[in-house]
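# Architecture and fold: a report
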Amino acid sequence: LFNGFTNWDDPEFLFLNPLVKAVPFSNLWEIFTTPTSGCYYPLMTLSYQLEHAVFGFNPFPYHLHNLILHLINVILVFLILRRLGAAEPATAIAALLFAIHPLQVEAVAWLASRKDVLFALFYLWAVLAYVKLPNGESPPGKQARNTGLAMILLLFVLSLLAKPMAVSFPAVLLLLDY
């Protein structure tokens, strides 16, 4: 939590990025149409813009928000595995391994990896919504299923806007059904 900024990608994505320094929501068009350093991560840029408006360039809140997003992702992994029928101890161990895996630690500690925790948040939330989807056999069930499918689509799009790696989501749904 008390790390500073790095000299790798943090300057380009954060404090040298004019999109981040703008008044929040004043440049949404630019955020969603302008890549930063050749990369398209509009939700990451928007989250930085909101943080900058409140906290300036104090690195502590940025690190804290990455950690909070990661902890929410750990809970989502736990809930997904429990919903899929994994035994309680195995579910807790798997969620713990997800929490401490080096790839996850980097995404939390390195501010320019905000895209990873944002992407995972919406991706895992969409998977959880999918595994909880009602079957839709009765008329109220059909309405609930349609609402659930719309929610899943929205979460998928948000995940794509956080990181293009979310294109794997339809394949994951096919694997879950299989």
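Throughout what follows, the structure given in this document is the object of discussion. (Residues numbered from 1 in each chain as written. Predicted model: local features only at pLDDT ≥ 70, side-chain atom pairs only at ≥ 80, totals over all residues. Heavy atoms only, no water.)

### Some points on the packing of aromatic side chains
What counts here: Centres within 6.5 Å make a pair out of two Phe, Tyr or Trp rings, where for Trp the six-membered ring is used; the pair is then stacked when the planes are under 30 degrees apart, edge-to-face when over 60, and tilted otherwise. The helix count covers DSSP runs of H or I at least four residues long, the strand count covers runs of E at least two residues long, and both are numbered beginning at the N terminus. When accessible area is computed with a 1.4 Å probe and restricted to protein chains, residues below 20% of their type maximum are described as buried, those above 50% as exposed, and intermediate ones as partly exposed. When the NZ atom of lysine or the CZ atom of arginine is within 6 Å of a ring's centre and also within 35 degrees of its normal, the charge is said to sit over that ring.
This model, assessed by the stated rule, comprises eleven aromatic pairs. When the centroid spacing of 5.4 Å and the interplanar angle of 35° are considered together, the rings of Phe2 and Phe60 count as tilted. Of the two residues, Phe2 is situated in the segment before α1 (10-15) and Phe60 in helix α5 (residues 59-83); the sequence distance between them amounts to 58 residues. Owing to a relative accessible area of 75%, Phe2 belongs among the exposed residues under this scheme. Look at Phe15 and Phe57: their rings are 6.0 Å apart centre to centre, the planes differ by 75°, and that puts the pair in the edge-to-face class. Of this pair, Phe15 sits in helix α1 while Phe57 sits in the loop between α4 (42-55) and α5, placing them 42 residues apart in sequence. Classification of Phe57 by relative accessible area gives partly exposed; the value is 27%. The rings of Phe5, Phe15, Tyr48, Phe57 and Tyr62 are connected pair by pair, giving a single aromatic cluster. Taking the ring centre of Tyr41 as reference, the NZ or CZ of Lys115 above it sits at 5.2 Å. Over the aromatic face of Trp110 sits the side chain of Lys115, whose NZ or CZ is 5.9 Å from the ring centroid.

### A word on the environment of Phe32
Quick reminder of the rule: Contact criterion: two residues are considered in contact whenever any of their non-hydrogen atoms come within 4.5 Å of each other.
Locating Phe32 in the fold gives a position in helix α3 (residues 28-33). Given the relative accessible area of 27%, Phe32 is considered partly exposed. Separated by 13 residues in sequence, Phe32 and Thr45 have C-alpha atoms that sit 9.0 Å apart. If we ignore the near neighbours within four places in the chain, the residues touching Phe32 are Tyr40, Pro42, Leu43 and Leu161.

### What to know about a nonpolar patch on the surface
How we decide: Patch membership needs two things, relative accessible area over 30% and no salt bridge, and members are linked within 9 Å if like-charged or within 5 Å if nonpolar (Val, Leu, Ile, Met, Phe, Trp, Tyr). Where accessible areas are quoted, they stem from the Shrake-Rupley method and a 1.4 Å probe; at the residue level, only the protein chains shown are allowed to cover. Each reported salt bridge corresponds to a side-chain nitrogen of Lys or Arg within 4 Å of a carboxyl oxygen of Asp or Glu.
A cluster of nonpolar side chains, contributed by Ile93, Leu96, Leu97 and Ile100, occupies part of the molecular surface with about 410 Å² of accessible area. By the element assignment, Ile93 lies in helix α6 (residues 88-100).

### Some remarks on the layout of surface pockets
Put simply, the test is: The distinction between a cavity and a pocket rests on a 1 Å grid over the protein atoms alone: a 1.4 Å probe fits inside a cavity but cannot get out, while a pocket stays open yet meets protein on both sides within 12 Å along at least five of seven lines, and a residue with an atom within 4 Å of a point counts as lining. Grid points are joined across faces, edges and corners, and a volume is the space filled by probe spheres set on the points. Any residue outside Ala, Val, Leu, Ile, Met, Phe, Trp, Tyr, Cys, Pro, Asp, Glu, Lys and Arg is labelled polar, Gly included; the first ten of those are nonpolar and the last four are charged.
The calculated volume of the largest pocket comes to roughly 460 Å³. For the largest pocket, the lining is made up of 19 residues, of which Phe98, Gln104, Phe119, Ala120 and Leu124 are closest to its centre. Of all elements in the fold, only α5, α7 (102-109) and α8 (114-131) reach the threshold of two or more residues within the lining of the largest pocket. The biggest single contributor to the lining of the largest pocket is α8, with seven residues. Residue composition of the lining of the largest pocket, by class: 15 nonpolar, one polar and three charged.

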